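Commentary on secondary and tertiary structure
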Amino acid sequence: MLARISRRLAGLLATLLAASFVIFAAVYAAPGDPAVFLAGGRDKLTPEKLELVRAQYHLDEPLVVQYGRWLGDCLQFDLGRSFKYSDQVADLLVARFPTTLALVAYATVLFVVLGVGAGILAAVRRSTWVDSAVVGGTTLAASVPSFVSAIALAAVFGVQLGWFPVTGGGEGFTGTLHHLTLPALALALGALAIISRVTRQAMADAGAADHVEAARSSGIPEREIVRRHILRNALGPIVTMCGLVMAGMLAGTVVVETAFGISGIGSLLVGAINTHDFPVAQAVLLLMVTGYIVVTTLVDLVHPLLDPRVKEAAV
């Protein structure tokens, strides 16, 4: 087990290193010159002033040198200073990350509870109108882009019915829940469809096992069979997919936070890209990639504990 954890951690670090270089190089190659923005625009901008700004911010150095300097600073938790806000990037992330984390957590609760519940219902009522309704509803939810869902939810439940606010993140626990309900639902709809399908298929595969038929033949109540034999054996793929979907939700907050005017890291990334605020864009992208890699690694480590067959294969 220790050897397996060590291999996963080594892979995590190698992946993070490769991802950090890709992020830095992609932002470096983005259209636009950050030196022009730092110098205050093109009006009355002389070549001498432009070169001075580039030298001041080390923008005249080769890509590899800039990356090495940036990576060394990141390892010391120094993410640089924002070109736009003139604040430390770490302070901007600390101020905005709790809102995004609350949004992702809320959306995760919604898609896990509703998605797994719908999948279990469809599997138990397989080949009935309930199964068809769940499959049809989740197919429709998966086909609608998140920004369309966000606009529709805001128009119906925010503007017409007035049940929920359509902007801001709220204050306090109840205020945050009230403000983030529509954004979390818009973020969770697509994930809900994926989880319900995975749950339905995993329970169908588990229900076809020989020991399940033997349990039915022995007269065990169907509810106990579903809970102790089918659902328990189907937990492996369900938990794995839930972890993967949750890990990818940080990137999904970009659209939802922009649509609902939420001050999170997703909207911060959009603003950084629009203003060529390279340090902020690099830090937010690195945070998103790091979160995804860490969560998927944890899921990979937990999966064998839920499914002994995976554990035996890993050994």
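The present account deals with the structure reproduced in this document. (Residues numbered from 1 in each chain as written. Predicted model: local features only at pLDDT ≥ 70, side-chain atom pairs only at ≥ 80, totals over all residues. Heavy atoms only, no water.)

Remarks on helix α1 (residues 2-28)
Note: α-helices contain 3.6 residues per turn, so residues at a spacing of three or four share the same orientation. Here α1 contains 27 residues, and its C-alpha end-to-end distance of 39 Å stays within 8% of the 39 Å for a straight helix at 1.5 Å per residue. Considered for burial, the residues of α1 that qualify are Arg 4, Leu 12, Leu 16, Ala 19, Ser 20, Ile 23, Phe 24, Ala 25 and Val 27. (Helix = DSSP H or I, 4+ residues; strand = E, 2+ residues; numbered from the N terminus. Expected span 1.5 Å × (residues − 1). Buried < 20%, exposed > 50% of the residue type's maximum accessible area, 1.4 Å probe, protein only.)

With respect to the packing of helix α5 (residues 89-124) against helix α12 (residues 265-274)
At a closest axis distance of 8 Å, the pairing of α5 and α12 adopts a crossing angle of 130 degrees. The angle between the axes of α5 and α12 places the two elements in the oblique class. In this structure, α5 uses Leu 92, Leu 93, Arg 96, Phe 97 and Thr 100 to contact α12, whose residues at the interface are Ile 265, Gly 266, Ser 267 and Leu 268. For the contact of α5 with α12, the per-class residue count stands at five nonpolar, three polar and one charged. (Axes fitted to C-alpha atoms, helices over the stretch in contact; angles between N-to-C directions. Parallel < 35°, antiparallel > 145°, perpendicular 65-115°, else oblique. Contact = heavy atoms within 4.5 Å. Nonpolar A, V, L, I, M, F, W, Y, C, P; charged D, E, K, R; others polar.)

A few points about the packing of aromatic side chains
In this structure the tally under the stated criterion is five aromatic pairs. Among the aromatic residues, ring-to-ring pairing joins Phe 21, Phe 24, Tyr 67 and Trp 70 into one connected group. (Phe/Tyr/Trp six-rings, centres within 6.5 Å; stacked < 30°, edge-to-face > 60°.)

Description of the packing of α5 against helix α11 (residues 249-260)
At a minimum axis separation of 10 Å, α5 and α11 run at an interaxial angle of 105 degrees. As summarised for this structure, α5 and α11 are arranged roughly perpendicular, according to the angle between their axes. On α11, the residues touching Phe 97, Thr 100, Leu 103, Val 104, Ala 107, Thr 108 and Phe 111 of α5 are Met 249, Leu 250, Thr 253, Val 256 and Glu 257. The class makeup of the residues in the contact of α5 with α11 is eight nonpolar, three polar and one charged.

Observations regarding the pattern of salt bridges
A full pass over the atoms with the stated rule returns one salt bridge. A salt bridge links Asp 131 to Arg 200, with the nearest nitrogen and oxygen atoms 2.8 Å apart. Residue Asp 131 is found in helix α6 (residues 129-143), and its partner Arg 200 is found in helix α8 (residues 172-207); the two are separated by 69 residues along the sequence. Each member of the pair, Asp 131 as well as Arg 200, carries the same accessibility label: buried. (Salt bridge = Lys/Arg side-chain N within 4 Å of Asp/Glu carboxyl O.)

Comments concerning helix α10 (residues 222-247)
Taking 1.5 Å per residue, 26 residues should reach 38 Å; α10 reaches 35 Å between its end C-alpha atoms and fits that length. Maximal helix bending in α10 amounts to about 45 degrees, located at Leu 235; proline Pro 237 follows within four positions. Along α10, the residues that are buried comprise Ile 225, Val 226, Ile 230, Ala 234, Gly 236, Ile 238, Thr 240, Cys 242, Gly 243, Val 245 and Ala 247. (Bend = angle between axes of the 7 residues up to and from the residue.)

Concerning a nonpolar patch on the surface
A contiguous nonpolar surface patch, about 340 Å² in accessible area, is contributed by Phe 147, Val 148, Ile 151 and Val 255. No other element matches the three residues that helix α7 (residues 146-160) contributes to the nonpolar patch. (Patch = residues over 30% accessible without salt bridge, like charges linked within 9 Å, V, L, I, M, F, W, Y side chains within 5 Å. Areas by Shrake-Rupley, 256 points an atom, 1.4 Å probe, with all protein chains shown as cover.)

Digging into the nonpolar core
The biggest cluster of nonpolar side chains holds 57 residues, and the ones touching the most others in it are Leu 93, Phe 111, Ile 230, Met 249, Phe 260, Val 280 and Val 284. No other element matches α8, which puts 12 residues into this core. Ignoring anything within four residues of it in the chain, the contact list for Val 284 reads Leu 93, Ile 265, Leu 268 and Leu 269. (Core = buried A, V, L, I, M, F, W, Y, C linked by side-chain atoms within 4.5 Å.)

Focus: the side chain of Glu 257
Take Glu 257: it is sitting in helix α11. It turns out Glu 257 is buried and unbridged, and the closest side chain with the opposite charge, Arg 96, is 6.4 Å from it. A distance of 2.7 Å separates a polar atom in the side chain of Glu 257 from the backbone nitrogen of Gly 266. Those residues in contact with Glu 257 that lie beyond four places of it in its chain are Thr 100, Leu 103, Ile 262, Gly 264, Ile 265, Gly 266 and Ser 267. (Lys, Arg positive; Asp, Glu negative; His and termini not counted. Polar contact = N/O pair within 3.5 Å; in protein donor to acceptor, adjacent residues only side chain to side chain.)

Quick look at the side chain of Ser 267
With respect to the secondary-structure elements, Ser 267 resides in helix α12. A distance of 2.8 Å separates a polar side-chain atom of Ser 267 from the backbone oxygen of Ile 262. For Ser 267, the contacting residues outside a window of four places in its chain are Arg 96, Glu 257, Thr 258 and Ile 262.

Some words on the environment of Thr 138
Relative to the elements of secondary structure, Thr 138 occurs in helix α6. Spatially, the C-alpha atom of Thr 138 lies 7.3 Å from that of Leu 192, the residues being 54 residues apart in sequence. Excluding anything up to four places from it in sequence, Thr 138 contacts Leu 192, Ala 193, Ser 196 and Arg 197. For Thr 138, the side chain forms a polar contact with the main-chain oxygen of Val 134, separated by 2.8 Å. Among the polar contacts listed, one links the side chain of Thr 138 to the backbone oxygen of Val 135, at a separation of 3.0 Å.

Thoughts on the environment of His 276
For His 276, the position within the fold is in the loop between α12 and α13 (278-306). Accessibility expressed as a relative area gives 28% for His 276, which makes it partly exposed.

Looking at the environment of Val 280
In this structure, Val 280 sits in helix α13. Here Val 280 falls in the buried class, since its relative accessible area comes to 1%. Not counting chain neighbours up to four residues away, the residues in contact with Val 280 comprise Ser 82, Val 89, Leu 92, Leu 268 and Ala 272.

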